[in-house]
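# Topology and contacts: notes
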Amino acid sequence: MDHQVSLTAYLAAFVVELVQTGIKDVVVSPGSRSTPMAMVMAEHPDINIHIHVDERSAAFFALGIAKAANKPVAILCTSGTAAANYFPAIIEARYSRVPLLVLTADRPHELREVGAPQAIDQIHLYGQHVKWFADMALPENSNEIIRYARTVAARAAAIASQAPAGPVHLNFPFREPLIPKLDEAIFELNERPMGYVHVRNGELTIHEDEFRDISHKLKGYKNGIIVCGNIADNRFAQAVTQLSQALNFPVLADPLSQLRSGPHSQENIIDTYDTFLRNPDAKEYLKPDVILRFGAMPVSKALTIFLKENHQAEQFVIDGAGGWRDPATLSTEMIFCNETIFCEKLITFTDTRESSEFLGKWLEINQITKANMALIKDSPMLSEGRLFYQLQEMLPEDAVLFVGNSMPIRDLDSFFLNNNKSIKVMANRGANGIDGTVSTALGAGLYSQPLYLVLGDLTFFHDLNGMVAAKLYDIDIRIIVVNNNGGGIFSFLPQAQHPKHFELLFGTPLNLEFEHAVSMFGGNFTKVKDWDHLHELLHQSSDAKGLNVYEVVTNRDSNLEQHREFWRVVSQEISNFVKGVH
């Protein structure tokens, strides 16, 4: 049978089935061996092709699209090291539970391990970091292989989406010639044109008797807290805040939980715990006897330590994806149930409590901490703490805020407080790396606007080439680069106590002028002069088009001093308060 006909029929069947599963976006990194798949995909009217020549950035760009859309996105590359460059984003997708469909072209079996050019071992290339791997059959136009191609497409998309969501890898061996035979009829299917196999994914839940038992247990506790990490379900905020009101438990809301911003009740939401849980008196005063934990592990190290110190408390971990998010082995109950369903169902078995002295304690300490925020918000110098404190008022309604790792995500946790603007906060917290941040944010910005990205200078440097997506696809983005000329987070770590080699090994000043890089991608660059200037820029940016970069220059030493002084003053106030109560 003609090779070109077989190649086209096989790939057209695969692509049609992908579209039937709901996959619309494909990020392609051009290459020779992936030619047939790329050409067939480009021919399909319902697929959006996004070209990104750098595979590392391309994979993170797709990751951002998938994070924002909460559905699978495909990435396609040629054989060899091109596929290896996908690895960092695949790791992030795995641990942040983001659905990706990884399509790699490969040499046919006879050209493997024989010294052929651009050929590496791509079998199980990503190891345990993908949920499923298949080394695809060579193209044929037989009924059996066409059915196989369609079934694998549906299965791969379903596995990527199934909780916990994550990446799936399909490796396609192609023989030359690589050019498919394109015509208007290539996507016409003789069998089951509306989709070969539909996969229905359900949501995990538990039996009513289990809810009844959990409710009965919780009745025996008065001093409970709810800890919420990163959760993508937009139904969760309403459900968990209602559960909080029924139980009279405070909610410690990580910034990625989407609980600090929005129209839901924020009455019981604690947003300054990262500051006051550094104080021993506060930790003793607020000691819980039961903890309900939802979502990923929180950003705050102070909160993580607090959870470890309270190992005597009953700890219920609720995970709708059936994972095991318990790095400190503290859980007494591991509950595999969709988080929103759990909250909604448990409320029906819970008698609303009239009042709670323990909840009042948390709210009082939270308020004392906020009352001392003047040390941050009134700082005349450009500082990282004040930047994140003021973002809540500087950003427009329904903004998307993507935040880089290291110090920015921690300052966000400390100083981005409750508001009603429905600001969606995103970050790459699966593996907590700084690579690919610009690309991921731009991927999210493809369908989510207005988009703001705040990151440090080293994180920006790591992904400068990611800015090309803003130029290629007219994505509007406002990037705030906090430039402290190095790794600011290390000033807060024990390494800072050893100054001899600190700057060489950890401070790592780069002394870069980012304006030139921004200009290369057709962007606008502005160095922020003071707070009024930044306010003006962000006010104007709501209508700004394209790539806009605002550099906020800060000082690492001054930033460390400001944080420590704030923690010292708050700690003293809280200790005085707790001692006065007792």
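Use the structure listed above.
Summarised in this report is the structure supplied together with it. (Residues numbered from 1 in each chain as written. Predicted model: local features only at pLDDT ≥ 70, side-chain atom pairs only at ≥ 80, totals over all residues. Heavy atoms only, no water.)

Here we come to the packing of helix α1 (residues 3-21) against helix α2 (residues 35-43). α2 packs onto α1 with a crossing angle of 55° between their chain directions and a minimal axis gap of 10 Å. The orientation of α1 relative to α2 falls into the category oblique. As for the relative orientation of α1 and α2, their crossing is right-handed in sense. When α1 is examined against α2, the residues Leu 7, Leu 11, Ala 12, Phe 14, Val 15 and Leu 18 are found in contact with a partner set consisting of Pro 36, Met 37, Val 40 and Met 41. (Axes fitted to C-alpha atoms, helices over the stretch in contact; angles between N-to-C directions. Helix = DSSP H or I, 4+ residues; strand = E, 2+ residues; numbered from the N terminus. Parallel < 35°, antiparallel > 145°, perpendicular 65-115°, else oblique. Left-handed = near helix turned anticlockwise from the far one by under 90°. Contact = heavy atoms within 4.5 Å.)

We now examine unusual backbone geometry. The omega torsion of the bond from Glu 176 to Pro 177 falls at 0°, within 30 degrees of zero and hence cis. Relative to the assigned elements, Pro 177 resides in the loop between β6 (167-173) and α7 (208-219). Look at the link from Gln 449 to Pro 450: it is a cis peptide, with omega at -5°. As for its position among the elements, Pro 450 is in the loop between α17 (437-445) and β15 (451-456). Phi at Arg 192 takes a positive value of approximately 45°, unusual for a residue other than glycine.

The parallel open sheet is built from six strands, whose spatial order is β9-β8-β7-β10-β11-β12. Edge positions in the sheet fall to β9 (269-270) and β12 (333-335), since each of these pairs with one other strand and no more. The pairing of strand β10 (residues 290-294) with strand β11 (residues 314-318) spans five bridges and is parallel. By the bridge assignment for β11, Leu 292 is matched with Phe 316. On top of the sheet, helix α12 (residues 339-348) reaches β10, β11 and β12; it is set at about 140° to β10, its chief contact. (Pairing = 2+ DSSP bridges.)

Ranked by size, the top nonpolar core spans 59 residues in total, and within it Leu 252, Phe 276, Leu 277, Trp 362, Leu 387, Leu 391 and Leu 401 carry the most contacts. The contacts of Phe 276, once residues within four sequence positions are left out, are Ile 270, Ala 282, Leu 286, Trp 362, Ile 365, Asn 366, Thr 369 and Ile 574. Membership of the second largest hydrophobic core comes to 52 residues, among which are Ala 58, Val 400, Ala 441 and Ile 479. (Core = buried A, V, L, I, M, F, W, Y, C linked by side-chain atoms within 4.5 Å. Buried < 20%, exposed > 50% of the residue type's maximum accessible area, 1.4 Å probe, protein only.)

Taken as a whole and assessed by the stated rule, the structure comprises two cavities of 30 Å³ or more. If you add up the space inside the largest cavity, you get close to 80 Å³. Arg 293, Met 297, Thr 304, Leu 307, Lys 308, Gln 315, Val 317, Asp 326, Pro 327, Ala 328, Leu 330 and Ser 331 together form the lining of the largest cavity. Where the lining of the largest cavity is concerned, the elements lending two or more residues are α11 (301-309) and β11. For the lining of the largest cavity, the element with the most residues is α11, which contributes three residues. Looking at the lining of the largest cavity, its residues break down into six nonpolar, three polar and three charged. Roughly 40 Å³ of volume is contained in the second largest cavity. Partitioned by chemical class, the residues of the lining of the second largest cavity number three nonpolar, three polar and one charged. (1 Å grid on protein atoms, 1.4 Å probe; cavity = no way out; pocket = protein on both sides within 12 Å on 5 of 7 lines; lining within 4 Å. Points joined across faces, edges and corners; volume = space filled by probe spheres on them. Nonpolar A, V, L, I, M, F, W, Y, C, P; charged D, E, K, R; others polar.)

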